[in-house]
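# Commentary on secondary and tertiary structure
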Amino acid sequence: MTGPVSARTVFEAAFSGDPRAAAVVTEEARLVAAAICCVITVVDPSLIVLGGGIGQAPGFADAVTSALTAMAPVLPEVRVSALGTDVVVDGCLAEGASLAWNQLIAALP
């Protein structure tokens, strides 16, 4: 790849069949699966939700599931968040609004 490279361009190239980009995506999926594997062994969730732009990249959830199958003691369901790429910002805003509302209500006589 030449010029500025972003996660989006790497995922697009991998989806289009670029073998080097596909290798990068596969390795990233392996790293994410390894992190999830650590959580699985402690928490034992039945569902893992991938969010953000990378989590929603075409084929990434399948690549994570494939890598997770090879290393995890149990396999939870892996899904892509329906909340879009700004899920973290949206969650922070919602929590902030909830905190402000609760403080406002608590201050009423």
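You'll find the structure just up there.
The text that follows walks through the structure, step by step, so that each part is easy to find.

Thresholds applied
- Residues numbered from 1 in each chain as written.
- Predicted model: local features only at pLDDT ≥ 70, side-chain atom pairs only at ≥ 80, totals over all residues.
- Heavy atoms only, no water.
- Patch = residues over 30% accessible without salt bridge, like charges linked within 9 Å, V, L, I, M, F, W, Y side chains within 5 Å.
- Areas by Shrake-Rupley, 256 points an atom, 1.4 Å probe, with all protein chains shown as cover.
- Salt bridge = Lys/Arg side-chain N within 4 Å of Asp/Glu carboxyl O.
- Helix = DSSP H or I, 4+ residues; strand = E, 2+ residues; numbered from the N terminus.
- Buried < 20%, exposed > 50% of the residue type's maximum accessible area, 1.4 Å probe, protein only.
- Contact = heavy atoms within 4.5 Å.

## Overview of a nonpolar patch on the surface
Among the surface-exposed residues, Trp-101, Leu-104, Ile-105 and Leu-108 lie close enough to one another that they form a single nonpolar patch of about 440 Å² accessible area. Structurally, Leu-104 can be placed in helix H5 (residues 87-107).

## Description of unusual backbone geometry
Glycine aside, residues mostly have negative phi angles, and peptide bonds mostly take the trans form. Although it is not a glycine, Asp-44 adopts a positive phi angle of roughly 55 degrees. In this fold, Asp-44 is placed in the loop between helix H2 (19-43) and strand S1 (47-50). Relative accessible area serves as the criterion here: at 53%, Asp-44 is assigned to the exposed category.

## With respect to the environment of Ala-67
Turning to its location among the elements, Ala-67 is positioned in helix H4 (residues 60-71). Residues Ala-67 and Glu-28, spaced 39 residues apart in sequence, show a C-alpha to C-alpha distance of 10.0 Å. The contact partners of Ala-67, leaving out residues within four places of it in the chain, are Ala-29, Arg-30 and Ala-33.

## Concerning the pattern of salt bridges
Counted under the stated rule, the structure contains two salt bridges. For the salt bridge of Arg-30 with Glu-27, the shortest nitrogen-to-oxygen distance reads 2.7 Å. Of this pair, Arg-30 and Glu-27 are both found in helix H2, three residues apart, which corresponds to roughly one turn of the helix. The class of Arg-30 is partly exposed, set by a relative accessible area of 37%. Taking relative accessible area as the criterion, Glu-27 reaches 36% and is therefore assigned partly exposed. In this structure, Glu-77 and Arg-79 form a salt bridge, with 2.9 Å as the shortest nitrogen-oxygen distance.

So yeah, pure geometry; function would need other evidence.
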